[in-house]
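In case you want the letters, here they are:
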Amino acid sequence: MHRRGVGAGAIAKRKLAEAKYKERGTVLAEDQLAQMSKQLDMFKTNLEEFASKHKQEIRKNPEFRVQFQDMCATIGVDPLACEEQAPAGKGFWSEMLGVGDFYYELGVQIIEVCLALKHRNGGLITLEELHQQVLKGRGKFAQDVSQDDLLRAIKKLKVLGNGFGIIPVGGTYLIQSVPAELNMDHTVVLQLAEKKGYVTVSEIRSSLKWETERAKQVLEHLLKEGMAWLDTQAAGEPQYWLPALFTELYAQEITPEEAKEAIP
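Conventions we followed
Residues numbered from 1 in each chain as written. Predicted model: local features only at pLDDT ≥ 70, side-chain atom pairs only at ≥ 80, totals over all residues. Heavy atoms only, no water. Helix = DSSP H or I, 4+ residues; strand = E, 2+ residues; numbered from the N terminus. Expected span 1.5 Å × (residues − 1). Buried < 20%, exposed > 50% of the residue type's maximum accessible area, 1.4 Å probe, protein only. Arc of directions from axis to C-beta. Contact = heavy atoms within 4.5 Å. Salt bridge = Lys/Arg side-chain N within 4 Å of Asp/Glu carboxyl O. Core = buried A, V, L, I, M, F, W, Y, C linked by side-chain atoms within 4.5 Å. Phe/Tyr/Trp six-rings, centres within 6.5 Å; stacked < 30°, edge-to-face > 60°. Lys NZ or Arg CZ within 6 Å of the ring centre and 35° of its normal. Pairing = 2+ DSSP bridges.

Draft legend 1. Representation of helix 11 (residues 212-224) within the structure. With 13 residues, helix 11 extends 18 Å between its outermost C-alpha atoms, agreeing within 8% with the 18 Å of an ideal straight helix rising 1.5 Å per residue. Taken as a whole, helix 11 has its buried residues at Ala215, Val218, Leu219 and Leu222. Around the axis of helix 11, the buried residues are gathered within 90 degrees of arc, so they sit on the same side. Residues of helix 11 that are exposed and angled more than 90 degrees away from the buried face: Glu213, Gln217 and Lys224. Looking at the buried residues of helix 11, the elements they touch are helix 9 (184-192), strand 4 (198-199), helix 10 (201-208) and strand 6 (239-241).

Draft legend 2. Representation of the pattern of salt bridges in the model. Overall, the coordinates contain four salt bridges when judged by the stated rule. When the shortest N-O distance is used, the salt bridge between arginine 214 and aspartate 185 registers 2.8 Å. Of this pair, arginine 214 sits in helix 11 while aspartate 185 sits in helix 9, and the two are 29 residues apart along the sequence. Overall, arginine 214 belongs to the partly exposed group, its relative accessible area being 38%. Ionic pairing is found between glutamate 203 and lysine 196, a salt bridge with its closest N-O pair at 2.3 Å. Taking the relative accessible area as the measure of exposure, glutamate 203 reaches 23% and is therefore partly exposed. On the basis of relative accessible area, lysine 196 is assigned to the partly exposed category, the value being 39%.

Draft legend 3. Representation of the nonpolar core in the model. In this structure, Leu174 and Val189 are the most contacted members of the largest nonpolar core, which totals 23 residues. Per-element accounting of this core gives the leading share, four residues, to helix 11. For valine 189, the residues in contact, after removing those within four places along its chain, are Val199, Ile204, Trp210, Val218, Leu219 and Leu222.

Draft legend 4. Representation of the packing of aromatic side chains. Counted under the stated rule, the structure contains one aromatic pair. Considering the side-chain rings of tyrosine 198 and tryptophan 241, the 4.6 Å spacing of their centres and the 40 degrees angle between planes classify their relative orientation as tilted. Of this pair, tyrosine 198 sits in strand 4 while tryptophan 241 sits in strand 6, and the two are 43 residues apart along the sequence. Over the ring of tryptophan 210 we find arginine 214; its NZ or CZ atom is 4.0 Å from the centre of that ring.

Draft legend 5. Layout of the sheet that holds strand 5 (residues 229-231). Spatial ordering of the open sheet is given by 4-6-5, a layout of three strands whose pairing is antiparallel. Every other strand in the sheet has two partners, leaving strand 4 and strand 5 as the edge strands with one partner each. For strand 5 and strand 6, the ladder comprises three bridges, and the chain directions are antiparallel. Bridge assignment links tryptophan 229 to a residue of strand 6, and that residue is tryptophan 241.

Any link to function would need more than the numbers given here.
Quick look at the structure:
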């Protein structure tokens with residue numbers, strides 16, 4: 001028996017059904033998008049009301065400010081980005097909370113601290129030391145800041161170019177304040193030096209399974225950029241000290257008076 005071919009009418013009927021399904025799918029997608037947009041607008045309205053009610057606590061309490069920032073992030077709202085996009089920088093958040101002014105002023109203080117210590121650390125400083133120095137410069141009556149505030153301000157400083165960067169090291173961060181090109185190799189070596197404040201070529205070879213030349217290239221680059229110091233009189237082999245990490249470790253073992261005498 002010969003199988004009958006599909007007629008033109010059946011083909012037309014199938015195409016019509018496909019078109020209807022497609023149209024229905026488009027309508028459903030548009031409805032869902034409209035509902036999501038409406039919910040997002042409601043969330044933003046509630047967020048603004050919350051900010052208005054708790055503005056003093058957001059300004060003064062760094063922990064509460066972190067929680068507020070996290071709450072903003074969950075619905076895709078960046079108070080600092082909103083300010084930058086508003087005409088003359090006078091968005092809702094600027095008028096209500098003043099968070100833009102707070103972070104930009106904090107950014108200036110971060111730059112001042114980094115420049116003041118650059119001769120000592122080569123442009124690398126731990127987040128903890130930066131936090132201490134910023135708090136010291138602000139005075140005891142100024143608005144309190146947290147390490148989270150510093151990280152947010154530093155991210156905004158990236159618009160100035162590649163001079164500022166955040167490098168994860170162990171459970172903390174190193175803040176880079178000079179326009180040096182640091183790749184993953186440099187970052188790994190910094191992480192290796194975290195516990196002792198220094199590292200050697202043999203330690204890099206043993207821990208990272210690198211060739212000697214690769215280790216030396218990374219260390220020579222850090223020396224060239226002023227981020228590392230070379231101790232050629234160390235027992236065994238030369239030690240490459242990272243002043244940013246060394247300062248942090250050294251400060252934990254001596255008194256503030258001894259530190260002032262030892263560090264220019």
